[in-house]
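Residue-level structural notes
The chain contents come next:
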Amino acid sequence: MEATVAKTGTEGKTWGGGNRPLNASYGKMMMWFFIVSDALTFSGFIASYGFSRFKFIDAWPIADEVFTHVPFLHGVPAPMYYVAFMTLVLIFSSVTMVLAVDAGHKMQKNKVIWYMFFTIIGGAVFVGSQAWEWATFIKGDYGAVETKGGKILQFLDTNGERVAIAEFAEFLPATRENHLEKNGIWYDAEPETRTNYSYEEVKAGFLANDNLLIRTQYLDENGEHIVLSREASIAKLENDGRLVVEGANLKHNEYGHPLFADFFFFITGFHGFHVFSGVIINIIIFFNVIIGTYERRGSYEMVEKVGLYWHFVDLVWVFVFTFFYLV
Amino acid sequence: MAHEHKLEIFRGAWKFKSNVSKIWGVFTFLCIVTAIEVVLGIIKPEMLTETRFLAMKLLNWIFIILTLVKAYYITWDFMHMRDETSSLRRAVVWTAVFLICYLILILLIEGDYIYEVYKNNYVKFDF
């Protein structure tokens, strides 16, 4: 035990952290304090996701219809595989981290360096994957029409396959005037971000193709989206349609309820920020190990403390994975 | 410190010779659990999605239970909770588990209530 105690000059000073309540050093104890409070923060987010989901239980997007992409496999629907890969990367980087802690206990400096290095690489791969996942989600794939009530209408052919709006929308030459300075010097912002197709173009294309149907955001008892008949589809699109949605942002979401996108951005973003800061902290500790700080101190407890944080990030991801992608 | 690690998991059913081999053992176990989750998530067996227990699909219960199992082994073996004093373990785990269960309970009941209001009443305001 003596070998792992960091000599911080506070030995014997009860109020200076010299005592070891619960047999944990001051730093480790504080890290556990932080982890408990951060765990409660994340639970608050995930529980509020559950709250919103229960509120709109019959109109919530089905996750494995949303996240179907794998890099370099364009157009191949592969639900879950990529996020499973990300989970394994994070768990593996947790393993190398705990191996680094173990090597630290045995004062094997070179092993600690290598294991820390692999941990950092794993973390970087994870953050990169998450950025890619975000980009894919923001870009969207099929496109949809949003109704006046903020509901999403998606398009299917009669075989039940999804159809992208780009495949049927008609090009209507619109007279779009550029704003000029002689008409006033103030720039008037557009009300929405412009999409590739306008609502009129999608409507014209939909009416011209008899094999297209509309799928609503609502789910039936079996958890399948309700598909409207051709007549009902036309009526729905003409009466309720308002604007075209491509991809997702904080206000509109072509996959379904906008709250789904909001929570996705917020929770995976907050988690991704934790991974990012974890990578930064790991890099700092990595260089400290290289220059021999802990070798001189006679204890690698700092590695153990950042290890706790890193495992916590992994722990949170396990829950995010379940509640966003599986359940 | 190495000799102080508790080297057995599954209540002593699986003992390891060293801490390093225990880490790899736990990693293998976590990979298997994740693989089961992913396979179930892709196949979605009819039997499990149609049966409900306490208003939730059996499949979702399986996912949540497997997640808690993974969380247990991450905390106990990767975060060395197994080697800490029981008082530290309880201070961390009981506090979090109690507060999180309470939060989930009230939020989900409230969410379900609002859903019922939307569905059965004439309130359609999207708040």
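Quantities reported herein were computed from a predicted structural model and do not represent experimental measurements.

Cut-offs used in this document
Residues numbered from 1 in each chain as written. Chains lettered and ligands numbered in written order. Predicted model: local features only at pLDDT ≥ 70, side-chain atom pairs only at ≥ 80, totals over all residues. Heavy atoms only, no water. Domains from an automatic or database assignment. Buried area = accessible area lost by both parts, 1.4 Å probe. Salt bridge = Lys/Arg side-chain N within 4 Å of Asp/Glu carboxyl O. Nonpolar A, V, L, I, M, F, W, Y, C, P; charged D, E, K, R; others polar. Core = buried A, V, L, I, M, F, W, Y, C linked by side-chain atoms within 4.5 Å. Buried < 20%, exposed > 50% of the residue type's maximum accessible area, 1.4 Å probe, protein only. Helix = DSSP H or I, 4+ residues; strand = E, 2+ residues; numbered from the N terminus. Contact = heavy atoms within 4.5 Å. Polar contact = N/O pair within 3.5 Å; in protein donor to acceptor, adjacent residues only side chain to side chain.

All right, on to the domain arrangement of chain A then. Residue and element names in this part refer to chain A. By the assigned domains, chain A splits into domain 1 (21-140 + 259-326) and domain 2 (144-246). One C-alpha centre belongs to domain 1, the other to domain 2; they are set 38 Å apart. Interface area, domain 1 with domain 2, both sides summed: about 570 Å², of which 47% is carbon and sulfur. Broken down residue by residue, the surface that domain 1 buries against domain 2 is led by Asp58, Ala59 and Glu65, which jointly contribute 61%. Our count for the domain 1 to domain 2 interface comes out at 1 salt bridge. Residue arginine 215 pairs with glutamate 65 through a salt bridge whose shortest N-O separation is 3.0 Å. The class makeup of the residues in the side of domain 1 that touches domain 2 is 5 nonpolar, no polar and 3 charged.

Looking at soluble globular proteins, one finds that nonpolar side chains tend to be buried together. By size, the foremost hydrophobic cluster in this structure holds 99 residues, and its most contacted members are Phe137(A), Val303(A), Trp317(A), Phe324(A) and Tyr325(A). Top element by residues in this core is helix H10 (residues 301-326) of chain A. It accounts for 16 residues.

Moving on to the pattern of salt bridges. Under the counting rule described, the total for this entry stands at 11 salt bridges over all chains. Across the pair Lys28(A) and Glu304(A) runs a salt bridge, and its minimum N-O distance is 2.8 Å. Taken as a pair, Lys28(A) in helix H1 (residues 26-55) and Glu304(A) in helix H10 lie far apart in primary sequence, 276 residues in all. By the burial criterion, Lys28(A) is buried, and Glu304(A) matches it. In the salt-bridge network here, residues are joined through shared partners; they are Lys28(A), Glu304(A) and Glu84(B).

Now for the domain arrangement of chain B. How big an interface is tends to be expressed through the accessible area that disappears when the partners come together. All names here are of chain B. Entries for chain B in the domain assignment read domain 1 (1-83) and domain 2 (85-127). Computed from C-alpha atoms alone, the centre-to-centre distance between domain 1 and domain 2 is 24 Å. Contact with domain 1, which involves 5 residues of that partner, is made by 5 residues of domain 2. The contact between domain 1 and domain 2 buries some 360 Å² in all, and 69% of this surface belongs to carbon and sulfur atoms. Considering only the side of domain 1, the residues that lose the most area to domain 2 are Trp76, Met81 and Asp83, jointly responsible for 89% of the buried surface there. Between domain 1 and domain 2 we count 2 residue pairs in polar contact (both at pLDDT 80 or more) in total. The residue inventory of the side of domain 1 that touches domain 2, partitioned by class, reads 2 nonpolar, no polar and 3 charged.

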